[in-house]
Amino acid sequence: MDQQTQTELEAAAFRRLVAHLDERKDVQNIDLMILAGFCRNCLSKWYKAAADDQGVEISYEEACEQVYGMPYSEWKKLHQQPATPEQLAAFQATQKPK
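Everything in this summary refers to the structure shown in the same document. (Residues numbered from 1 in each chain as written. Predicted model: local features only at pLDDT ≥ 70, side-chain atom pairs only at ≥ 80, totals over all residues. Heavy atoms only, no water.)

### Observations regarding the pattern of salt bridges
Moving on, step 1. Scanning the entire structure with this criterion turns up four salt bridges.
Moving on, step 2. In this structure, the salt-bridge partner of Lys25 is Asp22, at a minimum N-O distance of 2.8 Å.
Moving on, step 3. The exposure class of Lys25 is partly exposed, given its relative accessible area of 22%.
Moving on, step 4. As a salt-bridge pair, Arg24 and Asp26 come within 2.7 Å of each other at their nearest N and O atoms.
Moving on, step 5. We classify Arg24 as partly exposed; its relative accessible area is 36%. (Salt bridge = Lys/Arg side-chain N within 4 Å of Asp/Glu carboxyl O. Buried < 20%, exposed > 50% of the residue type's maximum accessible area, 1.4 Å probe, protein only.)

Have a look at this one:
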């Protein structure tokens, strides 16, 4: 497979992942962190890092908007629920001692 095709496929897969997460607003970031070790914020940070690597100027807030489909502050107001004690405990259990 040539590099251009690989890049296009990776970009398409990323867009599908973001669309899937947008369809599943019921899945909270903490749930993603517990189960998969990453969340929408991680994707935003990776997007920003990729832009930085390519010399593309984009703020973290703009990267979040690419992943969330709206400003993160708005998404939080509309969709983010407070973490339950059970979620917090499960998340803590996934953290490796440093």
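Once the structure has been displayed, the description carries forward.
### Examining the packing of helix α3 (residues 40–53) against helix α4 (residues 60–68)
Moving on, step 1. Packing of α3 against α4 leaves a shortest axis separation of 8 Å and a crossing angle of 125°. In terms of orientation, α3 and α4 fall into the oblique class. For the element pair α3 and α4, the recorded crossing hand is right-handed. Across from Arg40, Asn41, Leu43, Ser44, Lys45, Tyr47 and Lys48 in α3, the residues of α4 making contact are Tyr60, Ala63, Cys64, Gln66, Val67 and Tyr68.
Moving on, step 2. Across the contact of α3 with α4, the residue classes tally to seven nonpolar, three polar and three charged. (Axes fitted to C-alpha atoms, helices over the stretch in contact; angles between N-to-C directions. Helix = DSSP H or I, 4+ residues; strand = E, 2+ residues; numbered from the N terminus. Parallel < 35°, antiparallel > 145°, perpendicular 65-115°, else oblique. Left-handed = near helix turned anticlockwise from the far one by under 90°. Contact = heavy atoms within 4.5 Å. Nonpolar A, V, L, I, M, F, W, Y, C, P; charged D, E, K, R; others polar.)

### Concerning helix α1 (residues 3–23)
Moving on, step 1. Its 21 residues place the ends of α1 30 Å apart at the C-alpha level, agreeing with the 30 Å of an ideal helix rising 1.5 Å per residue.
Moving on, step 2. A side-chain oxygen of the first residue of α1 lies 3.1 Å from the backbone nitrogen of Gln4; this N-cap is Asp2. (Expected span 1.5 Å × (residues − 1). Polar contact = N/O pair within 3.5 Å; in protein donor to acceptor, adjacent residues only side chain to side chain.)

### Re the packing of α1 against α3
Moving on, step 1. For the pair α1 and α3, interaxial distance at closest approach is 12 Å and the crossing angle is 150°. Compared by their axis directions, α1 and α3 come out roughly antiparallel. Read as a crossing pair, α1 and α3 show a hand that is left-handed. For the pair formed by α1 and α3, the contact residues are Phe14, Leu17 and Leu21 on the first element and Arg40, Leu43 and Tyr47 on the second.
Moving on, step 2. Looking at the contact of α1 with α3 residue by residue, the classes come out as five nonpolar, no polar and one charged.

### Points about the nonpolar core
Moving on, step 1. Residues Leu21, Leu32, Cys39, Cys42, Leu43, Cys64, Val67, Tyr68, Met70 and Trp75 constitute the largest nonpolar core, which totals ten residues.
Moving on, step 2. Among the elements of the structure, α3 and α4 are those that each provide at least two residues to this core.
Moving on, step 3. When residues in this core are grouped by element, the largest group, three residues, is from α4. (Core = buried A, V, L, I, M, F, W, Y, C linked by side-chain atoms within 4.5 Å.)

### A closer look at the packing of aromatic side chains
Moving on, step 1. The tally for this structure, following the rule as stated, stands at four aromatic pairs.
Moving on, step 2. On the numbers, 4.8 Å between centres and 40° between planes, the contact of Tyr68 with Tyr72 is tilted.
Moving on, step 3. According to the relative accessible area criterion, Tyr68 is buried, its value standing at 2%.
Moving on, step 4. Given a relative accessible area of 22%, Tyr72 falls into the partly exposed group.
Moving on, step 5. An aromatic cluster of at least three residues, connected via ring pairs, comprises Tyr68, Tyr72 and Trp75. (Phe/Tyr/Trp six-rings, centres within 6.5 Å; stacked < 30°, edge-to-face > 60°.)

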